[in-house]
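Observations on the three-dimensional arrangement
The primary structure of each chain is shown beneath.
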Amino acid sequence: MPLALQNISLKHLGTEIQNTMYNIRGNRQAQGIGHGPPGEDPPGSVEPQRVEQPLPSDPGTPGKDPADSPKPTPKSSLTANLIQKAKRQNTTFPLFAEGLTRTRTAQEKVLALEQQVLMLTKELKSQKELVRILHKALEAAQQEKRASSAYLAAAEDKDRLELVRHKVRQIAELSRQVEALEQERESLAHTASLREQQLQELQRHVQLLMEKNQAKQQVICKLSEQVTRDFMQPPSQTPVPPEVADRDFLSQQEKMEHLKDDMEAYRTQNRFLNSEIHQVTKIWRRVAEKEKALLMKCAYLQAKNCQVESKYLAGLQRLQEAAEGECAELLRQLIQEALQCEAREALAEGVELSPVSEYDEYGFLTVPNYEMEDLKLLAKIQALEVHSHYLLAHEAVERPLRERWAALGDLAPSAELKQLLRAGVPREHRPRVWKWLIHLRVRHLQIPGRYQALLSQGQVRKHPAARQIELDLNRTFPNNKHFTCPTSSFPDKLRRVLLAFSWQNPTIGYCQGLNRLAAIALLVLEEEESAFWCLVAIVETIMPPDYYSKTLTSSQVDQRVLQDLLLEKLPRLMAHLGQHRVDLSFLTFNWFLVVFSDSLISNILLRVWDAFLYEGTKVIFRYALAIFKYNEEEILRLQDALEIYQYLRFFTKTICNSQKLMHIAFNDMNPFPMKQLQQLRTAHRERLEAELRELEQLKAEYLETRNSQGPAVPEGCTSEDEGEGEA
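Computed from a prediction, not measured in an experiment: that's the story for all the values here.

1. Comments concerning the overall build of the protein chain
Along its length, the protein chain carries 26 helices and zero strands. The 727 residues of the protein chain split such that 32% are buried. The contacts of the protein chain with a sequence gap of at least 6 include a subset with a gap of at least 24, amounting to 73%. As displayed, the protein chain has an accessible area near 47,900 Å², and 55% of this comes from carbon and sulfur atoms.

This is the structure we're talking about:
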């Protein structure tokens, strides 16, 4: 075969391969005939097996000539080849160590021939595989030949280069396919290893079960042997008389009957008790549902009562303004009684009402202690309105919101979390949520032990802002019991937080308003270090730069941006205020500086902070616009500048419906793109900086002119130096 393969012509490769295979088969047949045992004729009774020959070459294939294809071999020659091959290889069978002899029976010969046919079938399969491989080699050679011909036939170098690039791309594609197949092989190998591990585990499990089964079989065998021994060799006992045995049998049978009766009685009793339990459960559920409905009805009635009481107080106020003489005195007494009245009633069933408490859950006075009677009455009305809205929204809004927060799990930035934060965080979840939001803002600034190091630095050296901090501590939230009670620890915590921040950020040190930001953080988080990092997050990451600097540049820019947004969103209100020449910056400047800490009631204020810590300063703009939209109609009814200014002093405290305010802020104010906000800030900052530069220039020119004129003394006036000399 090697010599035959060396003589193959590449021009007619397919024909040469088929001729070579035919020659190899013919040589094998000739060798089989020449080496057969003498005197043995091929058996004619054996049916010849059909052997497939190599397929004739395709006339359409290049390089093949149909005239050179071999002719089919006759069936008689195939039978002879099978017999001769069986004779030649019969010495290899282990069943016949000395070869086939003439004395063997026809049955043994048939068995040997069948085995030989199997071997030839296997060899035929191997030959087919060889032909298939050679066909592939032929196709590859033809493709290479066509590529070489195209390369040689190319007229220019560009065409050859393009052919080379095409080959390179083919090689790269094949490389990628090889890599993909290699990855698939690795994945299959990994899967196979996992399957192998599972198989080993199952084998161990099966082995363990087999061991358990074997142990159980041994126990069963031992017990069976013991039972057999007991039956075969019963223990020696004294014979019992038949009468005694009958009596024992009857007594045992009677006991069994009694036990059956008892079992049936217990079964009946169990069914009865189960039905009773079912009925009691149904009654309990109905009672629970009825109690829930009664509580909701009670809350609704109490809310309505608060609304009626607030309307009653408002009516008294209006009557007091219009009444004179004895009627005015009577109305004043009624107002005093209404302000001092507290809800102490209880239902007959023992369900207590929830009156308006003196302080809310964060320590703020629900009814601020104003000096003026009108403001006291207004604060009472507002507290009643807030309480009524809370009672009405508790079942419909607050309870589903608490359930959603309880089912939230781990916190991660998402659209769902954004909507939940806008709706507000329940009190029990707020410290955890705020700590996560603060860490999200200052994780690149947080250093373990940083807060304690700043406190130690403050103990070594006194900060220049320490005096101003001490002055502002007593002015922080005078309506909150945590900062007004002498025994409270909150003022000391606030002092340490502010001093630590003054060392943390020396460019700002301390600015009025930071005390209220830190105080809100302390009320919610209750930990000094967490409140400190909350203050750092607001000043250094959320608010724009220079917001709390000496010039308050960014704060002034935001006021101008707010004016533009008010003109766009509320043109009717701004036209009314412009007509009366009312400037809103005196009010809104403090809103932005302390994030509404002094303006809104705590229930609404902390909802604003929930969204502010996550979304940033855009929330302040949204709520500032929403506050004016909430009270737009009331402001439009006022037709005097003094009345408008007086109303704007306390109108934020009249907002009691947090759901309505949130809906206005995040729905009615849309669209509110951050890109527009940034563009407005950039434009107004450029104008403000130009104005400041012009102001500085005017100041420098004035000082220069003043210095050039010298200290002139008017005629008839004596200078200070002369006066001192005469004295």
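2. Considering the side chain of Gln559
By the secondary structure assignment, Gln559 is in helix 17 (residues 553-569). Residue Gln559 is classed as buried on the basis of its relative accessible area, which comes to 7%. Once you skip the residues sitting within four places of it in the chain, Gln559 turns out to touch Ser585, Thr588, Phe589 and Phe592.

3. Examining the UniProt feature "coiled-coil region" (unreviewed entry) in the protein chain
Within the UniProt annotation, "coiled-coil region" (unreviewed entry) is assigned to residues 110-219 and 249-276. The distance from the first to the last C-alpha atom of residues 249-276 is 41 Å, and the span holds 100% helix and 0% strand.

4. Re a nonpolar patch on the surface
A contiguous nonpolar surface patch, about 520 Å² in accessible area, is contributed by Tyr151, Leu152, Leu161, Leu163, Val164 and Val168. Among the elements that line the nonpolar patch, the one with the most residues is helix 5 (residues 157-232), at four residues. Among the secondary structure elements, Leu152 is positioned in helix 4 (residues 106-153).

5. Things to note about the nonpolar core
Among the nonpolar cores identified, the biggest contains 114 residues, and Leu514, Ile538, Tyr548, Phe596 and Phe628 are the most heavily contacted of them. Sequence-distant contacts of Phe596, that is, excluding residues within four places in its chain, are made with Trp591, Leu605, Val608, Ile620, Tyr623, Ala624 and Ile627.

6. Some details on the packing of aromatic side chains
With the rule as written, the count across this model stands at 17 aromatic pairs. Joined through ring pairs, the aromatic side chains of Trp591, Phe596, Phe628, Tyr647, Phe650 and Phe651 make up one cluster. The ring of Phe490 carries the charged tip of Lys493 above its face, separated from the ring centre by 5.2 Å.

7. Focus: the side chain of Ser597
With respect to the helices, strands and loops of the structure, Ser597 is situated in the loop between helix 19 (585-594) and helix 20 (602-615). Of the residues examined, Ser597 reaches a relative accessible area of 5% and is grouped as buried. From its side chain, Ser597 meets the backbone oxygen of Val594 in a polar contact 2.6 Å long. Those residues in contact with Ser597, other than ones at most four positions away along the chain, are Phe477, Arg516, Leu517, Ile520, Leu605 and Trp609.

8. Digging into the environment of His576
Its location among the elements puts His576 in helix 18 (residues 571-579). For His576, a relative accessible area of 7% corresponds to the buried category. For His576, the residues in contact, after removing those within four places along its chain, are Ile635, Leu636, Leu638, Gln639 and Ile644.

9. Comments concerning helix 18
Given 3.6 residues per helical turn, the α-helix brings residues three or four places apart onto the same face. Considered for burial, the residues of helix 18 that qualify are Leu573, Met574, His576 and Leu577. Considered in projection along helix 18, the buried side chains sweep an arc of 160° and stay on one side of the axis.

10. A short note on the packing of helix 4 against helix 5
One way to put it is that helix 4 packs onto helix 5 with a least axis distance of 9 Å and a crossing angle of 155°. Here helix 4 is positioned roughly antiparallel relative to helix 5, judged by the angle of their axes. Here the hand of the crossing between helix 4 and helix 5 comes out left-handed. Along the contact surface, helix 4 presents Ala147, Ala150, Tyr151 and Leu152, while helix 5 presents Arg160, Leu163, Val164 and Lys167. In terms of residue class, the contact of helix 4 with helix 5 is made up of six nonpolar, no polar and two charged.

11. Quick look at the pattern of salt bridges
For the coordinates displayed, the defined rule picks out 21 salt bridges. Notably, a salt bridge pairs Glu162 with Arg169, separated by 3.4 Å at the nearest N-O pair. On the basis of relative accessibility, which here comes to 45%, the residue Arg169 falls in the partly exposed class. With a closest N to O distance of 2.4 Å, Arg495 and Glu470 form a salt bridge. Separated by 25 residues along the polypeptide, Arg495 in helix 14 (residues 490-504) and Glu470 in helix 12 (residues 466-473) bring together distant segments of the chain. Residue class for Arg495 comes out partly exposed when judged on its relative accessible area of 24%. A residue is classified by how much of its surface remains accessible, and Glu470, at 35% relative accessible area, is partly exposed. A cluster of three or more residues bridged by salt bridges with shared partners is formed by Glu470, Asp492 and Arg495.

12. Here we look at the confidence of the model for the protein chain
Keep in mind that low pLDDT regions are not for reading the predicted coordinates in detail. Considering every residue of the protein chain, the mean pLDDT works out to 79; 69% of them sit at 70 or more. Between the elements of the protein chain, mean pLDDT differs from a low of 45, seen in helix 1 (residues 2-6), to a high of 96, seen in helix 21 (residues 618-630). Scored below 50 in pLDDT, residues 89-101 shows 18 contacts in the model against residues more than four places distant or in partner chains.

13. So, helix 17
Helix length check: helix 17 (17 residues) gives 25 Å between terminal C-alpha atoms against 24 Å at 1.5 Å per residue, within 8%. What helix 17 keeps buried is the set Thr553, Ser554, Ser555, Val557, Asp558, Gln559, Val561, Leu562, Leu565, Leu566 and Lys569. Contacts from the buried residues of helix 17 go to helix 18, helix 19, helix 21 and helix 25 (674-709).

14. Some words on the packing of helix 10 (residues 430-442) against helix 20
Look at helix 10 against helix 20: their axes get within 9 Å of each other, and the N-to-C directions meet at 30°. With respect to helix 20, the axis of helix 10 lies roughly parallel. In this structure, helix 10 meets helix 20 at a crossing whose hand is left-handed. Contact with helix 10, carried on its side by Arg430, Trp434, Trp436, Leu437 and Arg441, involves Leu606, Arg607, Trp609, Asp610, Phe612, Leu613, Tyr614 and Glu615 of helix 20 and no other residues of that element.

15. With respect to unusual backbone geometry
With an omega of 0°, the peptide bond between Asn670 and Pro671 qualifies as cis. Summarising the element assignment, Pro671 is placed in the loop between helix 24 (658-668) and helix 25. The phi dihedral of Glu526 falls on the positive side, at around 70°, and the residue is not glycine. Mapped onto the secondary structure, Glu526 falls in the loop between helix 15 (514-525) and helix 16 (528-542). Glu526 gets classed as partly exposed once you look at its relative accessible area, which sits at 49%. At Leu552, a residue that is not glycine, the phi angle is positive and equals roughly 50°. Topologically, Leu552 is positioned in the loop between helix 16 and helix 17. By relative accessible area, which is 19% here, Leu552 ends up buried.

The rules behind the values
- Residues numbered from 1 in each chain as written.
- Predicted model: local features only at pLDDT ≥ 70, side-chain atom pairs only at ≥ 80, totals over all residues.
- Heavy atoms only, no water.
- Helix = DSSP H or I, 4+ residues; strand = E, 2+ residues; numbered from the N terminus.
- Buried < 20%, exposed > 50% of the residue type's maximum accessible area, 1.4 Å probe, protein only.
- Contact = heavy atoms within 4.5 Å.
- Areas by Shrake-Rupley, 256 points an atom, 1.4 Å probe, with all protein chains shown as cover.
- UniProt positions renumbered as here; feature names shortened; annotations may be inferred.
- Patch = residues over 30% accessible without salt bridge, like charges linked within 9 Å, V, L, I, M, F, W, Y side chains within 5 Å.
- Salt bridge = Lys/Arg side-chain N within 4 Å of Asp/Glu carboxyl O.
- Core = buried A, V, L, I, M, F, W, Y, C linked by side-chain atoms within 4.5 Å.
- Phe/Tyr/Trp six-rings, centres within 6.5 Å; stacked < 30°, edge-to-face > 60°.
- Lys NZ or Arg CZ within 6 Å of the ring centre and 35° of its normal.
- Polar contact = N/O pair within 3.5 Å; in protein donor to acceptor, adjacent residues only side chain to side chain.
- Arc of directions from axis to C-beta.
- Axes fitted to C-alpha atoms, helices over the stretch in contact; angles between N-to-C directions.
- Parallel < 35°, antiparallel > 145°, perpendicular 65-115°, else oblique.
- Left-handed = near helix turned anticlockwise from the far one by under 90°.
- Nonpolar A, V, L, I, M, F, W, Y, C, P; charged D, E, K, R; others polar.
- pLDDT = per-residue confidence, 0-100.
- Expected span 1.5 Å × (residues − 1).

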